[in-house]
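A look at the structure
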Amino acid sequence: MDLTDTPQEAEFRARLREWLGKALPSLPPRPSPDDWPGRRAYDLGWQRTLYDAGYGEVHWGADPAVRMIFLEETEKAGAPYVGANFVGLLHAGPTVAAEGSDEQRARWLPPVLRGEEVWCQGFSEPDAGSDLAALRTRAWRDGDDYVVSGSKIWTSHAEVADWCELLVRTDLDAPKHRGITWLAMPMDAPGITVRPLRTLAGSDEFAEVFLDEVRVPVANRVGEENDGWRVTMVTLSFERGTAFVGEVVACRRVLGELALAARENGRWEDPVLRRRLGRLNAEFRALWRLTQWNVSKSVPGVGGSVFKLRYSHARQELYEAAAEVLGDWAALDLDRPWVLDRLSSLSYTIAAGTSQIQHSIVAERVLGLPKGR
């Protein structure tokens, strides 16, 4: 496979670099991590800037090579990432683009691309654990509406979201994977209560969401009733296969910074650490190639699980290596580079599907092994 830029791709890369060089210095200061309304406004403002400059649609629908170049160059330039927009741009948006009706695509996609609306994800539930299909939030038909009651947890950016990609159980008697429906729920509907959750790192981008007979129009259903598990697999393939692309670029940058820091503080003399950093370099180079393959697919499929499984552990190893470079006491200082990233990396083998779930998917769908009983 020839991975060098074509003349057209090289021209796009040069034009993007030039534009970033002019656009980034004019950005306002980033708001405080605890100021979610401010962060929402900042992230939407950056998305609008991208849209106005002609870069709004790179997260879906663009040529894969163009998307990879965009993610490489914006990360290298230190541009803002998707932030509060990540569910809309990387999960819900691609799902609606792939599975929604013409009317749904026309209603929901342009506001995401223009930086006008934020989405959150209402999948996980307190009693379901890693078994997403064990969800209990129920929805029943009442005329042109579904009436929804239940609760969700780990709902990213729920406190500032306009819409929620929501999984509900619409057939209590069907096998658990067949009685699920995918809905787009307006977050200003009566009956919704949002309670933020604080993480180990001190952030509160997650929330519990309680639903008390919330009415959601039937027109907001993506896919057929009780076909939500299939639609969810589309969502999860994007979440696991392509949503972490920018983070792979960031990890490769951090790896270079760690090697430089180790040379400066003398820890480079440790051959075990050098081997560890070298192996991580090979790991992230391989992950980057797998990322390119996933992005080249209209829907990543099981390749997303292969990527998610290996990336989660590689990211944890990267920040364990960072702790070695920093030293024992420095690694406890939350104001030092990489320390908060090390804490957040602990969640990656749980978020977006646990490593145990990914192992099962790879075993059954890639290797063809029988399902466990």
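Predicted model only: the values in this text are computed from it and were never measured. (Residues numbered from 1 in each chain as written. Predicted model: local features only at pLDDT ≥ 70, side-chain atom pairs only at ≥ 80, totals over all residues. Heavy atoms only, no water.)

Some points on the pattern of salt bridges
- Applying the stated rule across the entire model yields 24 salt bridges.
- One salt bridge connects Arg 276 with Glu 324, and the closest N-O pair in it is separated by 2.0 Å. Of this pair, Arg 276 sits in helix α8 (residues 271-295) while Glu 324 sits in helix α9 (residues 303-326), and the two are 48 residues apart along the sequence.
- Residues joined by salt bridges that share partners form a network here, namely Arg 13, Arg 17, Glu 72 and Glu 73. (Salt bridge = Lys/Arg side-chain N within 4 Å of Asp/Glu carboxyl O. Helix = DSSP H or I, 4+ residues; strand = E, 2+ residues; numbered from the N terminus.)

Focus on the packing of helix α4 (residues 86-99) against helix α5 (residues 102-113)
- Following both chains from N to C, one finds α4 and α5 inclined at 160°, their axes separated by 10 Å at the closest point. The pairing of α4 with α5 is recorded here as roughly antiparallel in orientation. Judged by the twist between their axes, the crossing of α4 over α5 is left-handed. Each of Gly 88, Leu 89, Gly 93, Val 96 and Ala 97 in α4 lies in contact with α5, whose residues at this interface are Gln 104, Arg 105, Trp 108, Leu 109, Val 112 and Leu 113. (Axes fitted to C-alpha atoms, helices over the stretch in contact; angles between N-to-C directions. Parallel < 35°, antiparallel > 145°, perpendicular 65-115°, else oblique. Left-handed = near helix turned anticlockwise from the far one by under 90°. Contact = heavy atoms within 4.5 Å.)

Some details on helix α1 (residues 7-23)
- With 17 residues, α1 ought to run about 24 Å at 1.5 Å a step, and its terminal C-alpha atoms sit 24 Å apart, in line with that.
- Taken residue by residue, α1 has Glu 9, Phe 12, Arg 13, Leu 16, Trp 19, Leu 20 and Ala 23 as its buried positions. For α1, the buried positions fall inside an angular range of 135° around the axis, keeping them on one side. Set apart from the buried face of α1 by more than 90 degrees, the exposed residues are Pro 7, Gly 21 and Lys 22. (Expected span 1.5 Å × (residues − 1). Buried < 20%, exposed > 50% of the residue type's maximum accessible area, 1.4 Å probe, protein only. Arc of directions from axis to C-beta.)

Description of the nonpolar core
- Counting 25 residues, the largest nonpolar core has Leu 89, Trp 108, Trp 119, Leu 167 and Trp 182 as its most contacted members.
- Counting only elements with at least two residues in this core, the list comes to α4, α5, β4 (163-169), β5 (180-186) and α6 (228-241).
- Listed in part, the 23 residues of the second largest apolar core include Leu 258, Ala 261, Tyr 319 and Val 325. (Core = buried A, V, L, I, M, F, W, Y, C linked by side-chain atoms within 4.5 Å.)

Here we look at the environment of Val 248
- Tracing the chain through its elements places Val 248 in helix α7 (residues 245-265).
- Considered as a pair, Val 248 and Trp 288 are 40 residues apart in the sequence and their alpha carbons are 6.8 Å apart.
- In this view, Val 248 contacts Phe 284, Trp 288, Thr 291, Phe 307 and Tyr 311; residues no more than four positions away in its chain are not counted.

Re the side chain of Glu 75
- Mapping Glu 75 onto the fold places it in helix α3 (residues 64-76).
- Taking the relative accessible area as the measure of exposure, Glu 75 reaches 16% and is therefore buried.

Structural notes on the packing of aromatic side chains
- Scanning the entire structure with this criterion turns up eight aromatic pairs.
- A centroid spacing of 5.9 Å and a plane angle of 70° characterise the contact between Phe 12 and Tyr 55, whose relative ring orientation is edge-to-face. Here Tyr 55 lies in the loop between α2 (36-52) and α3 and Phe 12 lies in helix α1, a separation of 43 residues in the sequence. Accessibility assignment for this pair places Phe 12 and Tyr 55 in one class, buried.
- Between the aromatic rings of Trp 108 and Trp 163, the centroid separation amounts to 5.6 Å while the plane-to-plane angle is 70°, which identifies the pairing as edge-to-face. Of this pair, Trp 108 sits in helix α5 while Trp 163 sits in strand β4, placing them 55 residues apart in sequence.
- Clustering of aromatic rings is evident, with ring pairs tying together Phe 12, Trp 19, Trp 46, Tyr 55 and Phe 70. (Phe/Tyr/Trp six-rings, centres within 6.5 Å; stacked < 30°, edge-to-face > 60°.)

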